[in-house]
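# Residue-level structure breakdown
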Amino acid sequence: MAGLTDETPKKSLSDAELKMQAIAQYEATGNKSEAKPDNKFPTEIVELPSKGLLYPKDNPLHQGQLEMKYMTAKEEDILTTQSYIKQGVVLDKLFRSLIIGNGKGEKVNYNDLLVGDKNAVMIAARVLGYGKDYKVTVTNPSGNKQEETLDLTSFDDKEFDTSLITPGENRFEFTLPASKRVVTYKILSHKDNEAIDREVKSLRKIKDGYGSKQLTTRLIHCITSVDGDDKPGTIRNFVKNDLLAIDSRALRDQMKKYNPDVDLNIELYDDETGEPFEVSLPIDVNFFWPSVWLQARSALTNLWFSISW
């Protein structure tokens, strides 16, 4: 130790003295990383499209951000786990592993994440794992394929009117244009999507000749009341028997309009004409790791991140 020589009498230090000595040495080095002491890997703060406004005020996600760590070999193991791929849960497993908390020292419940906020997690996971450059092949308006390298850090959040939101409440009201009935609805979370998927799979097993009922099932889980009645049976009966097609479309358009999300549209230029055209971010087998996804192409049909009607 500094300050001790052969002539200096040596004495035993107490635990408290050793602790104070260690703290002094740590502070003297100037090694004051922003990372938490128990976090061995560098992290980044990811801002959520919802700004946290739709989460209850006592929910850690109300802070409007997540802390995510950089991808390691552990996460690559997750991406190669065939059972996860077959079950269609591989990306959720990946995201759960990468999320540290809300950046304020609080753990978050992954099931609470809104669908649009999960899109931000997806983009961040790809950047933290394999960098911001993403090579894609798109078909331009001339009918030809062209290669592009997209900067994944350039995607902005969709604009939405925060004046329509009561902070801490995931609740919106809408008067249906044709029937004039008043419904309230919520923006779906990961937990809601899992419940919808389970119900749709059960309906497919019945094989009643009416398809998967994906649309009506999603509406049943989105709508929280009809004319002030919030009983599940009332909502289910309304969607199945009383909801007019024109009102259904208007309600879905309303939900899209006010759903916080990442704007995954990007403007490119036709190699042939030079004219601009817009495409949605192509999320294919190359997005995370080609050698993995090429083996699991069929499983990708169960993976989606934005509300799709």
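Everything here concerns the structure above.
Summarised in this report is the structure supplied together with it. (Residues numbered from 1 in each chain as written. Predicted model: local features only at pLDDT ≥ 70, side-chain atom pairs only at ≥ 80, totals over all residues. Heavy atoms only, no water.)

### Brief notes about the nonpolar core
- Counting residues in hydrophobic clusters, the biggest one holds 68 residues, and the most contacted among them are M68, L94, F95, L251, L281 and F288.
- Among the elements that line this core, the one with the most residues is helix α5 (residues 115–130), at 8 residues.
- Contacts of L251, omitting those with residues within four sequence positions, involve F174, L176, V183, Y185, L219 and I223. (Core = buried A, V, L, I, M, F, W, Y, C linked by side-chain atoms within 4.5 Å. Buried < 20%, exposed > 50% of the residue type's maximum accessible area, 1.4 Å probe, protein only. Helix = DSSP H or I, 4+ residues; strand = E, 2+ residues; numbered from the N terminus. Contact = heavy atoms within 4.5 Å.)

### Looking at the packing of aromatic side chains
- Per the stated rule, a full pass over the model turns up 4 aromatic pairs.
- Consider the rings of F287 and F288, whose centres lie 5.2 Å apart with planes at 80°: the pair is edge-to-face. Pair check on accessibility: F287 and F288 agree, each one buried.
- Among the aromatic side chains, those forming a connected cluster through ring pairs are F95, Y134, F287 and F288.
- R126 extends its terminal NZ or CZ atom over the ring of F287, reaching a point 5.8 Å from the ring centre. (Phe/Tyr/Trp six-rings, centres within 6.5 Å; stacked < 30°, edge-to-face > 60°. Lys NZ or Arg CZ within 6 Å of the ring centre and 35° of its normal.)

### Let's talk about the sheet that holds strand β2 (residues 65–69)
- Across the sheet, 3 strands lie side by side as β1-β2-β3; this open sheet has antiparallel pairing. The sheet is open, and its two borders are formed by β1 (43–47) and β3 (99–101), each paired with just one other strand. For this sheet, the mean angle separating the axes of adjacent strands, direction not counted, is 40°.
- Pairing of β2 with β3 involves 2 bridges; the strand directions are antiparallel. Among the inter-strand pairings, E67 is bridged to a residue of β3, identified as G101. (Pairing = 2+ DSSP bridges. Axes fitted to C-alpha atoms, helices over the stretch in contact; angles between N-to-C directions.)

### Let's talk about the side chain of D247
- With respect to the helices and strands, D247 occurs in helix α9 (residues 245–257).
- No salt bridge is formed by the buried D247. Its closest oppositely charged neighbour is K180, at 7.7 Å.
- Ignoring any residue separated from it by four or fewer positions in sequence, one finds D247 in contact with L176, P177, A178 and S179. (Lys, Arg positive; Asp, Glu negative; His and termini not counted. Salt bridge = Lys/Arg side-chain N within 4 Å of Asp/Glu carboxyl O.)

### A word on the packing of helix α4 (residues 90–98) against α5
- Between α4 and α5, whose axes approach to 11 Å, the crossing angle comes to 80°. With respect to each other, α4 and α5 are oriented roughly perpendicular. Contacts between α4 and α5 involve D92, F95 and L98 from the first element and K118, V121, M122 and A125 from the second.
- The class makeup of the residues in the contact of α4 with α5 is 5 nonpolar, no polar and 2 charged. (Parallel < 35°, antiparallel > 145°, perpendicular 65-115°, else oblique. Nonpolar A, V, L, I, M, F, W, Y, C, P; charged D, E, K, R; others polar.)

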